[in-house]
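Structure at a glance
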Amino acid sequence: MKKLIVFISSLLYLLQAQELITPIPDKLDVNRDKVTLGKQLYFDTRLSKDNSLNCASCHQLENGGDDNMRVSIGIDGREGTINAPTVYNATFNYYQFWNGRAKTLQEQAAGPIENPIEMGHKFEMLIPQLNKTEYKAKFEAIYQDGITKENITDAIAEYEKTLITPNSPFDLYLKGNTNALTQDELDGYELFKTKGCIACHHGVNIGGNLYNKFGIYRDSNSLDLGRYSVTHKERDKYYFKVPSLRNVQRTAPYFHDGRTSKLDEAVRIMAQYQLGRKITDEEVRKIVAFLKSLNGELPKGIEP
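Structure report, in brief. It should be emphasised that the depicted structure is a prediction, and the values quoted were computed from it without experimental measurement. (Residues numbered from 1 in each chain as written. Predicted model: local features only at pLDDT ≥ 70, side-chain atom pairs only at ≥ 80, totals over all residues. Heavy atoms only, no water.)

Here the focus is the overall build of the chain. Helix and strand counts for the chain come out as 12 helices and 2 strands. Beginning at the N terminus, the succession of helices and strands in the chain can be written as α-α-α-α-α-α-α-α-α-β-α-β-α-α. In summary, the chain has a C-alpha radius of gyration of 20 Å against a globular reference of 19 Å for 304 residues, a match within 12%. In terms of overall dimensions, the chain has C-alpha extents of about 60 × 45 × 30 Å along its principal axes. Out of the 304 residues in the chain, the part that is buried amounts to 51%. For the chain, the share of sequence-separated contacts (at least 6 apart) that also reach a separation of at least 24 residues comes to 69%. A total of about 15,100 Å² of accessible surface is found on the chain, and carbon and sulfur atoms cover 51% of it. (Helix = DSSP H or I, 4+ residues; strand = E, 2+ residues; numbered from the N terminus. Rg over C-alpha atoms; globule rule 2.2 N^0.38 Å. Buried < 20%, exposed > 50% of the residue type's maximum accessible area, 1.4 Å probe, protein only. Contact = heavy atoms within 4.5 Å. Areas by Shrake-Rupley, 256 points an atom, 1.4 Å probe, with all protein chains shown as cover.)

What follows is the structure, given as C-alpha cells:
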C-alpha cells in the first residue's frame, strides 16, 4: 500500500510538468473499401446464428457506442455476464474487452460472433452462407482469398477504426481554445488530477491503456474475476482494463457489472474504492461537469 501511495504522489508531481491527456485526432488513415465492407457487416444480422442480432445491437452508434444496459441480451434472449463497453474510440485501447483477452480490434471482432450467449454463430457455418450472397463478389474484389474469418474480422475492424469522436469541448481546450470549458469544468479537471483519477485515466482515450484492480481500498464484491479468467494467475484477480472516459455521460450504466447508472455515484464509488479519499458533493459536481466535457463529435454516416 505504501508503494502505491508513493507512486500516486510521484505521478501527481509529474502532472505539474506535463499534460497526460492528448486530444483525439480528427481522423485516422484507413482503407476505404474495407471500411465500406466492414460497415455492411457491422449492421448485418446474418452474422448471428438466428439472424436476429448484429454488432450494432450491443454497440449502438447513435449515442454512446454501447447499449445502455447492465448486461446485453444475446440470441434466444440469453443474458450476458458483463456490461458492453463502447465501440467508440476502441481503436485507441491497449487491449480489448474488460479482461483484455483480445489484443486487437480484429481479434475482438471475432469474439461476439462465436460467443454462444451473444451472436452464437460459427465461422465454419457463416462463411459458406455468406459465399451464397452478394458478399462473395465484394470480398473477392478486396481480398485474394475471398471470405475467410480473418478477412471478415479485418473488414469489421477497419470500419471500427473510423468510429472515433474528436473535438469534445475538452479536446478543443487541449488544442488551445481557452474558452472551450466552463469554470466548473476547469475546476473539475483540476480535481480530476489532484484527487488522483488521472493516475489511471490518461492518454488519448483517458483510459483503456492499463489494467487496475477494482477495489483497492474497499472490497468491490465483484462476481467477475477480471483478468484472472485469462491468465489464471492469483495476482490478476479483480484486475480489469481501465475503461475510457470518452463520452462517459452517454455510456451508462457504469463499471464491468453495470452497478450504477448515475455518473455522480460512479465518481463516489471510484473515490472510495480506488482512491480511498473523501470527496464532497461540490467536488463530485465539478468532476461530473468535467466528465461531461468529454462528449465528442459522433462520426457522420453512422446509419446502416
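Anyway, onward from the coordinates.
Another point: the packing of helix α2 (residues 32-42) against helix α7 (residues 149-160). Here α2 crosses α7 at 100°, and the two axes come no closer than 7 Å. One element, α2, and the other, α7, form an angle in the roughly perpendicular class. Between α2 and α7, the residues in contact are K34, V35, L37, G38, K39, L41 and Y42 and I152, D154, A155, I156, E158, Y159 and E160, respectively. Considering only residue class, the contact of α2 with α7 consists of 8 nonpolar, 1 polar and 5 charged. (Axes fitted to C-alpha atoms, helices over the stretch in contact; angles between N-to-C directions. Parallel < 35°, antiparallel > 145°, perpendicular 65-115°, else oblique. Nonpolar A, V, L, I, M, F, W, Y, C, P; charged D, E, K, R; others polar.)

Right, let's get into the environment of G111. With respect to the helices and strands, G111 occurs in helix α4 (residues 105-114). A residue is classified by how much of its surface remains accessible, and G111, at 30% relative accessible area, is partly exposed. Sequence separation between G111 and T153 is 42 residues; the distance between their C-alpha atoms is 9.7 Å.

Time to look at α7. For α7, built from 12 residues, the straight-helix expectation of 16 Å at 1.5 Å per residue is met to within 8% by its first-to-last C-alpha distance of 17 Å. When you tally the buried positions in α7, you get 10 out of 12 residues, the bulk of the element. Of all the positions in α7, only N151, I152, T153, D154, A155, I156, A157, E158, Y159 and E160 are classed as buried. (Expected span 1.5 Å × (residues − 1).)

All right, on to the packing of helix α9 (residues 183-194) against helix α12 (residues 281-292) then. Between α9 and α12, the least distance of the axes is 7 Å, while the angle of their chain directions is 105°. Accordingly, the angle class assigned to the pair α9 and α12 is roughly perpendicular. Across the interface between the two elements, D184, E185, D187, G188, Y189, L191 and F192 of α9 pack against E283, R285, K286, I287, A289, F290 and L291 of α12.

One pass over the full model with this rule turns up 14 aromatic pairs. Ring centres of Y42 and Y159 lie 5.4 Å apart, and the angle between their planes is 65°; this geometry places the pair in the edge-to-face category. With Y42 in helix α2 and Y159 in helix α7, this pair connects stretches of sequence that are 117 residues apart. Through successive ring pairs, a cluster of aromatic residues spans F170, Y173, Y189, F192 and F290. Taking NZ or CZ as reference, R101 lies 3.6 Å from the ring centre of F97, over its face. The side chain of K237 reaches across the aromatic face of Y228, ending 5.1 Å from its centre. (Phe/Tyr/Trp six-rings, centres within 6.5 Å; stacked < 30°, edge-to-face > 60°. Lys NZ or Arg CZ within 6 Å of the ring centre and 35° of its normal.)

Mapped onto the elements of the fold, Y143 is located in the loop between α6 (135-140) and α7. A residue is classified by how much of its surface remains accessible, and Y143, at 7% relative accessible area, is buried. Once the C-alpha coordinates of Y143 and N51 are considered, the two residues, 92 residues apart in sequence, prove to be 25 Å apart. Ignoring anything within four residues of it in the chain, the contact list for Y143 reads K34, L37, N151, D154 and A155.

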